[in-house]
Amino acid sequence: MTYPAQAEDFHLSAPVRLWEDGFAADSHSYYEALRAQGPVGHAELAPGVPAYVVTDRRAALDLLHDTEAWSHDPRPWEETVDGDAPILGMMRWRPNALFNDGELHGRYRRSLSDAFDLVEPHDLRERVHRAVDVLAAGMASRGRADLVSEFARPLMSLVFNDLFGLPDSESDRLQDAIARVMDGGDQAARGEEEFGRYILDLVAAKSAQRGQDLTSWLLDHPLGLTPEEVTWQVFLMLGAGHEPTANLVSNALSRILGNPAYYSTLTSGSRPVMDAVVEVLRHETPLANYGIHFARKPLTFHGVWVRAAVPVVISYGAIGLTAEEAAKQSPVARHPQDASHLSWSAGEHSCPVKQHTLLIATEAIERLTQWLPDLEPTTPREQLTWRTGPFNRSLTELPVRFVPRTASQSGASE
C-alpha cells in the first residue's frame, strides 16, 4: 500500500479533545474540527492520551484492508499509558477476536461466527418479543417511561442473558457492569471488574451444565477453545453486542418519535423500522469512534506521520454526513445492506453478526410500538442530552408519555 509521501508531524495541530462534555453535546462541531485537519486528525481520547482519528472514508478503507501495516494489538501502547486511564476498559488487550491479528484472530472469529449461525432468526425474534413484552407490561400502566433506562438497556440485558445462557434474574448485573465500562471515568475499573465476575460465573455455569446457548456452543466448538478462551470471546461479544445495540435502538426511537410524519407512517406500516435504523447507522452511529489500530512501525498515512504505539481511531461518526448534510435530508428508505456508513467496519475485522443486530433492533422497536402505538416524546429531540466519552453516541435518557393501558389492552400480538 502506497500512501501520500508528504507528512505532517503529530504535534503541529492542536488535538481535538473527544473526552470533553462539549463533544457529547455537539459532536458535529468536533468532527468538523477534525476534518479541517485533513483525512487524519489529531485528538485526545482522555486527558493527555493522544490519538490519530481517521475521518475520511477512503483513508478508513485503506487502513481497514491493510493488515501488513496495521495491527489491533494495543500492548505496546498500554506500556505508555497510566494504569488507571479511564479508557483502558475499552482498549486494553485481551485474548479475543478484537485485539488479535492473523491466525489467532481467524480462529476466534470463526468460533464466534459459527456459534451465532446456530441462532435461528425465528428463535431470536421470539427472544426479543418475550423481553419486550416483559418490559412493556411493566411500564404500560404508568403512562410515562424513559426508553433508555427502562427499555433499551434492560432489553439487551434480557436478550443477551438468554442468548448466552443465564436467567433473567442476572440481567441487572450485566446492565450495570457494561454501563460503567462504557461510560469510562471513575466507574470504569469497577465496571470491568463486575463484568468479569459476571462472565466467569456464566462460563462456570455452562461448563458444569450445557444448554442451548452461545456459551455452550463455544465450549463445544470443534476448534477446541479452552474455557479461558471462551471466557474472553464471551467478554467481547457481550460488550460489543449489549451497549451498541441498546444505543442503536434508543437513537432510532428518538429519530422516529421526534418526527411526527415519520412516526405516523411507521405505525401505519408504510415505512419499515429498518429505514430509521439505517438512518441512525449513517448519521448517528452508536459506536461513533472505535476500530482502533496501531501502526506496526512509523509510517506516512494520508499526509500524516503516524507514530507506532499511538492509537489510530476510525471515526464512523465523522465519516457519516456532516451536520448540514444530515439536516437537509428527510428520512428515506435505504437498503439494509447499505454499508457506506462503515458502522459495521470493513475488512477482516468487520462485524460478523450484523444481521443478528439488525433483527434485534428492528424487532424491538416494532414490538414496542405495537404495545404502545401512541408514544410521544416529552423532550424535544434537540434538547436531549448525550453521555460523555470518546467512543459512543448514546442518549442519557429518552422520556416519553402515552395513554396508560393494561396488558390486555396491548396491540402486541404474535
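Above this note sits the structure.
Residues numbered from 1 in each chain as written. Predicted model: local features only at pLDDT ≥ 70, side-chain atom pairs only at ≥ 80, totals over all residues. Heavy atoms only, no water.

(A) Geometry of the overall build of the chain. Of regular secondary structure, the chain possesses 17 helices and eleven strands. Expressed as a percentage of its 414 residues, the buried residues of the chain come to 57%. Counted over contacts in the chain with a minimum sequence separation of 6, partners at least 24 positions apart contribute 73%. When the accessible surface of the chain is totalled, it reaches about 17,000 Å², and 52% of it is carbon and sulfur. (Helix = DSSP H or I, 4+ residues; strand = E, 2+ residues; numbered from the N terminus. Buried < 20%, exposed > 50% of the residue type's maximum accessible area, 1.4 Å probe, protein only. Contact = heavy atoms within 4.5 Å. Areas by Shrake-Rupley, 256 points an atom, 1.4 Å probe, with all protein chains shown as cover.)

(B) Quick peek at the side chain of threonine 231. Counting through the fold element by element, threonine 231 comes out in helix α12 (residues 227-257). Classification of threonine 231 as buried rests on a relative accessible area of 14%. Non-local contacts of threonine 231, meaning those with residues more than four positions away in its chain, are made with Ile199, Leu200 and Val203.

(C) Helix α2 (residues 27-35), seen in detail. Within α2, burial applies to Ser27, Tyr30, Tyr31 and Leu34. When α2 is viewed along its axis, its buried side chains cluster within an angular range of 100° and face the same direction. (Arc of directions from axis to C-beta.)

(D) Inspection of the packing of aromatic side chains at higher detail. Within the structure shown, the criterion is met by nine aromatic pairs. An angle of 35° between the planes, with centres 6.2 Å apart, marks the rings of tryptophan 77 and phenylalanine 294 as tilted. Pair noted here: tryptophan 77 is in helix α4 (residues 75-78) and phenylalanine 294 is in strand β6 (residues 289-295), with a separation of 217 residues, a long-range link. The two residues tryptophan 77 and phenylalanine 294 agree in class, both being buried. Pairing phenylalanine 116 with phenylalanine 164 gives two aromatic rings, centres 6.5 Å apart and planes at 75°, and the pair type is edge-to-face. With phenylalanine 116 in helix α6 (residues 102-117) and phenylalanine 164 in helix α8 (residues 148-164), this pair connects stretches of sequence that are 48 residues apart. A residue is classified by how much of its surface remains accessible, and phenylalanine 164, at 1% relative accessible area, is buried. An aromatic cluster of at least three residues, connected via ring pairs, comprises Phe23, Tyr30 and Tyr31. Sitting over the face of the ring of tryptophan 93, arginine 75 holds its NZ or CZ atom 4.0 Å from the ring centroid. A cation sits over an aromatic face here: arginine 393 above tryptophan 386, 3.7 Å from the ring centre. (Phe/Tyr/Trp six-rings, centres within 6.5 Å; stacked < 30°, edge-to-face > 60°. Lys NZ or Arg CZ within 6 Å of the ring centre and 35° of its normal.)

(E) Local environment of the pairing of strand β2 (residues 40-46). For β2, the buried fraction is high: seven of the seven residues fall into the buried class. Relative to β2, strand β1 (residues 16-17) runs parallel, the two being bridged by two bridges. The residue of β2 that forms the bridge with arginine 17 is glutamate 44. Note: β2 against strand β3 (residues 49-54), six bridges, orientation antiparallel. Bridge pairing in β3 links valine 40 to valine 54. In this structure, the hairpin formed by β2 and β3 is closed by a connection of two residues, where glycine 48 is found at a positive phi of approximately 80°. (Pairing = 2+ DSSP bridges.)

(F) View of the environment of arginine 92. For arginine 92, the position within the fold is in the loop between α5 (88-91) and α6. Sequence-distant contacts of arginine 92, defined by excluding residues within four places in its chain, comprise Pro74, Glu78, Gly83, Phe99 and Glu192. A distance of 2.7 Å separates a polar atom in the side chain of arginine 92 from a polar atom in the side chain of glutamate 192. (Polar contact = N/O pair within 3.5 Å; in protein donor to acceptor, adjacent residues only side chain to side chain.)

(G) Summary view of the packing of α8 against α12. Following both chains from N to C, one finds α8 and α12 inclined at 145°, their axes separated by 9 Å at the closest point. Crossing hand, α8 versus α12: right-handed. Taking contact as the criterion, the partners of Val148, Phe151, Ala152, Arg153, Met156, Ser157, Phe160 and Phe164 in α8 are, on α12, Val234, Met237, Leu238, Gly241, His242, Glu243, Thr245, Ala246, Val249, Ser250 and Leu253. Residues of the contact of α8 with α12, tallied by class, amount to twelve nonpolar, five polar and two charged. (Axes fitted to C-alpha atoms, helices over the stretch in contact; angles between N-to-C directions. Left-handed = near helix turned anticlockwise from the far one by under 90°. Nonpolar A, V, L, I, M, F, W, Y, C, P; charged D, E, K, R; others polar.)

(H) Broad picture of the sheet that holds strand β10 (residues 376-377). The sheet built from three strands is open, its strands ordered β5-β11-β10 with antiparallel pairing. The sheet terminates laterally at β5 (144-146) and β10, the two strands that pair on one side only. Sheet analysis places β10 next to strand β11 (residues 399-401), joined by two bridges and oriented antiparallel. If you follow glutamate 376 over to β11, its bridge partner there is arginine 401.

(I) Spatial organisation of the sheet that holds β2. With respect to topology, six strands assemble into an open sheet ordered β1-β2-β3-β9-β6-β4, the strand pairing being mixed. In this open sheet, the two strands that pair with only one neighbour each are β1 and β4 (70-71). Examined bridge by bridge, β4 and β6 share two bridges and lie antiparallel to one another. Counted as the bridge partner of tryptophan 70 is alanine 295 from β6. Strand contacts of helix α3 (residues 57-64): β3, β4, β6 and β9 (312-315), with the helix running at about 130° to β9, the strand carrying the most contacts.

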